[in-house]
Amino acid sequence: MLTMMFYVAITADAMSAALAAGRRNMDWFGVCLIACITALGGGTARDVFLDHYPLYWVHNPYILVLCCCAALLTIALAPLVHRLRWPFLLLDALGLVVFTIIGCNIAMETQEHPIIVIVAGMVTGIVGGIMRDVLCNDVPLVFRGELSATVSIVTGVVYYLGIMAGLQADLVLLVALGVGLPLRVLSILLKWEMPKFVFDREMRK
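Cut-offs used in this document
Residues numbered from 1 in each chain as written. Predicted model: local features only at pLDDT ≥ 70, side-chain atom pairs only at ≥ 80, totals over all residues. Heavy atoms only, no water. Helix = DSSP H or I, 4+ residues; strand = E, 2+ residues; numbered from the N terminus. Rg over C-alpha atoms; globule rule 2.2 N^0.38 Å. Buried < 20%, exposed > 50% of the residue type's maximum accessible area, 1.4 Å probe, protein only. Contact = heavy atoms within 4.5 Å. Expected span 1.5 Å × (residues − 1). Bend = angle between axes of the 7 residues up to and from the residue. Polar contact = N/O pair within 3.5 Å; in protein donor to acceptor, adjacent residues only side chain to side chain. Patch = residues over 30% accessible without salt bridge, like charges linked within 9 Å, V, L, I, M, F, W, Y side chains within 5 Å. Areas by Shrake-Rupley, 256 points an atom, 1.4 Å probe, with all protein chains shown as cover. Salt bridge = Lys/Arg side-chain N within 4 Å of Asp/Glu carboxyl O. Phe/Tyr/Trp six-rings, centres within 6.5 Å; stacked < 30°, edge-to-face > 60°.

**With respect to the overall build of the protein chain**
The number of helices and strands found in the protein chain is 10 helices and zero strands. Over its C-alpha atoms the protein chain spans a radius of gyration of 17 Å, differing by no more than 12% from the 17 Å that the globule rule assigns to 205 residues. For the C-alpha atoms alone, the extent of the protein chain along its principal axes is close to 55 × 50 × 30 Å. When the 205 residues of the protein chain are sorted by exposure, 45% land in the buried category. At a minimum sequence separation of 6, the contacts of the protein chain that also span at least 24 residues come to 75%.

Shown next, in the form of structure tokens:
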């Protein structure tokens, strides 16, 4: 089940990233590159940090093909894809939770400290989006109040504690999904945000 959700999330991330690239008038190569970086960047950063090789897309290069196909499909169906806002927001929320869980799993397999397990999950969940926004010359959404990092941390903590408690893996997966997914959706619907630090010229006087 987790593997199936992983591929769905990869595809959705690649398609949403392709739209972001299109808004910046990038050529087809740029669109495909942004799609791959967004969908695979978090897992790549995690593997580099954890010294976990080969990188998962190097081990399974067909993931690159999937990302590029999703990007090219988005180019072809851009008006339709653009109108599917809520389905993509839900898939984005699913991707955040699924990537977080996968990141935690990888860190636990390498027997990392609990803090590193949670960080690995968060890195897997949010770094791809940060890379997308930076390459598209935007301030990353996660730095503008969005609770994606917070949701990722909460999901990782729930998942890690469940596994450490000896509960069945599938049950822990469902519980983590049941916590992380609604929390992410509610944060979007209700516009929950992190407090912002505003320091302007008037405050310096």
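**Some thoughts on helix H2 (residues 28-49)**
Here H2 contains 22 residues, and its C-alpha end-to-end distance of 30 Å stays within 8% of the 32 Å for a straight helix at 1.5 Å per residue. Of all the bends in H2, the greatest, near 55°, is centred on Leu40. Most of H2 is tucked away, with 16 of its 22 residues classed as buried. With a side-chain oxygen positioned 3.2 Å from the backbone nitrogen of Phe29, the residue opening H2 is Asp27. Trailing H2 by a residue or two, Asp51 shows a phi angle of about 55°, which is positive.

**Describing a nonpolar patch on the surface**
On the surface, Trp86, Leu90, Leu186, Leu189, Leu190 and Trp192 cluster together to form a nonpolar patch covering roughly 550 Å² of accessible area. Those elements giving two or more residues to the nonpolar patch turn out to be helix H6 (85-109) and helix H9 (169-189). Mapping Trp86 onto the fold places it in helix H6. You can call Trp86 partly exposed: its relative accessible area is 35%.

**A word on the packing of aromatic side chains**
Applying the stated rule across the entire model yields three aromatic pairs. Here Phe6 and Tyr7 contribute two aromatic rings whose centre-to-centre distance is 5.3 Å and whose plane-to-plane angle is 70°, an arrangement assigned as edge-to-face. Residue Phe6 is classed as buried on the basis of its relative accessible area, which comes to 11%. Accessibility expressed as a relative area gives 31% for Tyr7, which makes it partly exposed. Put simply, the rings of Phe6, Tyr7, Tyr56 and Phe99 touch in pairs and so form one group of aromatic residues.

**Looking at the pattern of salt bridges**
By the definition in use, this model includes six salt bridges. Between Arg46 and Asp47 there is a salt bridge; the shortest N-O distance is 3.0 Å. Classification of Arg46 by relative accessible area gives buried; the value is 4%. Take Asp47: its relative accessible area is 0%, and that puts it in the buried class. Of the charged contacts in the structure, one is a salt bridge between Glu193 and Lys196, with a shortest N-O distance of 3.8 Å.

**Some thoughts on helix H7 (residues 114-135)**
If you check H7, its first and last C-alpha atoms are 32 Å apart, about what 22 residues at 1.5 Å a residue would give, namely 32 Å. Bending of H7 peaks at approximately 40° at the position of Ile126. Directly after H7, the chain includes Asn137, whose backbone phi takes a positive value near 65°.

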